[in-house]
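# Breakdown of the fold
Residues per chain, in single letters:
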Amino acid sequence: MNTFVDSLLTALQLVVSLDASLWLVVGRSLAVSATACLIAGLVGLWLGAWLGTARFRGHEAVLTVLNTWLAVPSVVVGLVVYLLMSRTGPLGFLGWLFSFKAMVFAQAILVLPVVTALVRQVVSDAERQHGEQLASLGARPVLRSLLLAWDERYALLTVAITAFGRAISEVGAVMIVGGNIDGFTRVMTTAIALETSKGDLPLALGLGLVLLAVMLLLNALVSVLRRWRERGGGVPLAHDAGAGWAV
């Protein structure tokens, strides 16, 4: 018990004193996840909005693949990206393996189905309510998807927060493709795993406290957005899933 209390107190001291080694890892984690979510968000927003309004042969099959992609473990994504970027892989010429770019690429692939699926559901729900009216005015599926996505922009903010929570809490993919190199590719989740195995509990706890604080902030933002939307007289946000995804 004394060991835990002492480690916790030391961890709090590291956080409050702005320990350079701790906050460097935190900053890198935020940068990787934010960049990955930006890339995945741009692609997933367009793809999800289109899937929410388009109807074509094989539509259900595409949704099945998308839902399956959601359940793929992060270590499998990391393994696939590793093989793609290895020296003998098709993307090996980029030289991205064990770099910031490789971690961003892996997290973007991991987050893309989350963004796409949630955006599709939001736009699909809006399509059932307003799609027929827009179609009667001559709006084609692509235009309808854009108009409906804009109309549900507050719900899409929740999607963005949820995606960021999924990315920053991930450990398997970035461990494989980043290599957990000190000063270069070490992020919060991989550092926690490493420092715990080394017995450096204060640093691991400090990083864990920061990660928990980030997740708490993300879930609080989701709650605030939902309540603000409901008070504004609109429909409740379509997805109240929060940002607490499993690693």
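Our structure is the block above this text.
Before going into details, it helps to say that this report is about the structure given with it. (Residues numbered from 1 in each chain as written. Predicted model: local features only at pLDDT ≥ 70, side-chain atom pairs only at ≥ 80, totals over all residues. Heavy atoms only, no water.)

### Some remarks on the overall build of the protein chain
Counting its regular elements, the protein chain contains ten helices and zero strands. For the C-alpha atoms alone, the extent of the protein chain along its principal axes is close to 65 × 50 × 25 Å. Expressed as a percentage of the 247 residues in the protein chain, the buried residues total 45%. Summarising the internal contacts of the protein chain: among those between residues at least 6 apart in sequence, 72% fall at separations of at least 24. Working note: accessible area of the protein chain is about 12900 Å², and carbon and sulfur atoms make up 68% of it. Side chains of the protein chain carry 17 positive and 14 negative charges; the gap between the two charge centres is 8 Å. (Helix = DSSP H or I, 4+ residues; strand = E, 2+ residues; numbered from the N terminus. Buried < 20%, exposed > 50% of the residue type's maximum accessible area, 1.4 Å probe, protein only. Contact = heavy atoms within 4.5 Å. Areas by Shrake-Rupley, 256 points an atom, 1.4 Å probe, with all protein chains shown as cover. Lys, Arg positive; Asp, Glu negative; His and termini not counted. Charge placed at Lys NZ, Arg CZ, Asp CG, Glu CD.)

### Some words on the nonpolar core
Note on soluble globular proteins: their nonpolar side chains tend to be buried together. Core analysis: the largest hydrophobic core is formed by 56 residues, its most contacted members being Leu-22, Val-111, Val-119, Ile-168, Met-188, Leu-207 and Val-210. The element that contributes the greatest number of residues to this core is helix H5 (residues 100–136), accounting for 16 residues. Those residues within four positions of Leu-22 in sequence are excluded, and the remaining contacts are Leu-14, Val-15, Leu-203, Gly-206, Leu-207 and Val-210. (Core = buried A, V, L, I, M, F, W, Y, C linked by side-chain atoms within 4.5 Å.)

### Regarding the pattern of salt bridges
Side-chain pairs of opposite charge can arise where the charged atoms are in close proximity. Applying the stated criterion across every chain, the model contains four salt bridges. Measuring nitrogen to oxygen at the nearest pair gives 3.6 Å for the salt bridge that ties Glu-195 to Lys-198. With Glu-195 and Lys-198 both in helix H9 (residues 188–198), this residue pair falls three residues apart, about one helical turn. Residue class for Lys-198 comes out exposed when judged on its relative accessible area of 55%. (Salt bridge = Lys/Arg side-chain N within 4 Å of Asp/Glu carboxyl O.)

### Digging into the environment of Val-81
Tracing the sequence through the fold places Val-81 in helix H4 (residues 74–85). Assessed through its relative accessible area of 1%, Val-81 is described here as buried. Along the chain, Val-81 and Ser-29 lie 52 residues apart, while their C-alpha atoms are 19 Å from each other. In this view, Val-81 contacts Ala-102, Phe-105, Ala-106, Ile-109 and Val-177; residues no more than four positions away in its chain are not counted.

### Thoughts on the packing of aromatic side chains
Inspection of every chain in the model, using the stated rule, returns four aromatic pairs. Aromatic side chains Trp-50 and Phe-56 sit 5.2 Å apart centroid to centroid with 10 degrees between the ring planes, which places their arrangement in the stacked category. By relative accessible area, Trp-50 is classed as partly exposed at 27%. Summarising the aromatic geometry, the rings of Tyr-82 and Phe-98 are spaced 6.2 Å apart at their centres and angled 55 degrees between planes, so their arrangement reads as tilted. Taken together, the residues Tyr-82 in helix H4 and Phe-98 in the loop between H4 and H5 connect sequence positions 16 residues apart. By relative accessible area, Tyr-82 is classed as partly exposed at 29%. The partly exposed category is assigned to Phe-98, whose relative accessible area is 38%. Of the aromatic side chains, those joined through ring pairs into one cluster are Trp-46, Trp-50 and Phe-56. Arg-153 extends its terminal NZ or CZ atom over the ring of Trp-150, reaching a point 4.3 Å from the ring centre. (Phe/Tyr/Trp six-rings, centres within 6.5 Å; stacked < 30°, edge-to-face > 60°. Lys NZ or Arg CZ within 6 Å of the ring centre and 35° of its normal.)

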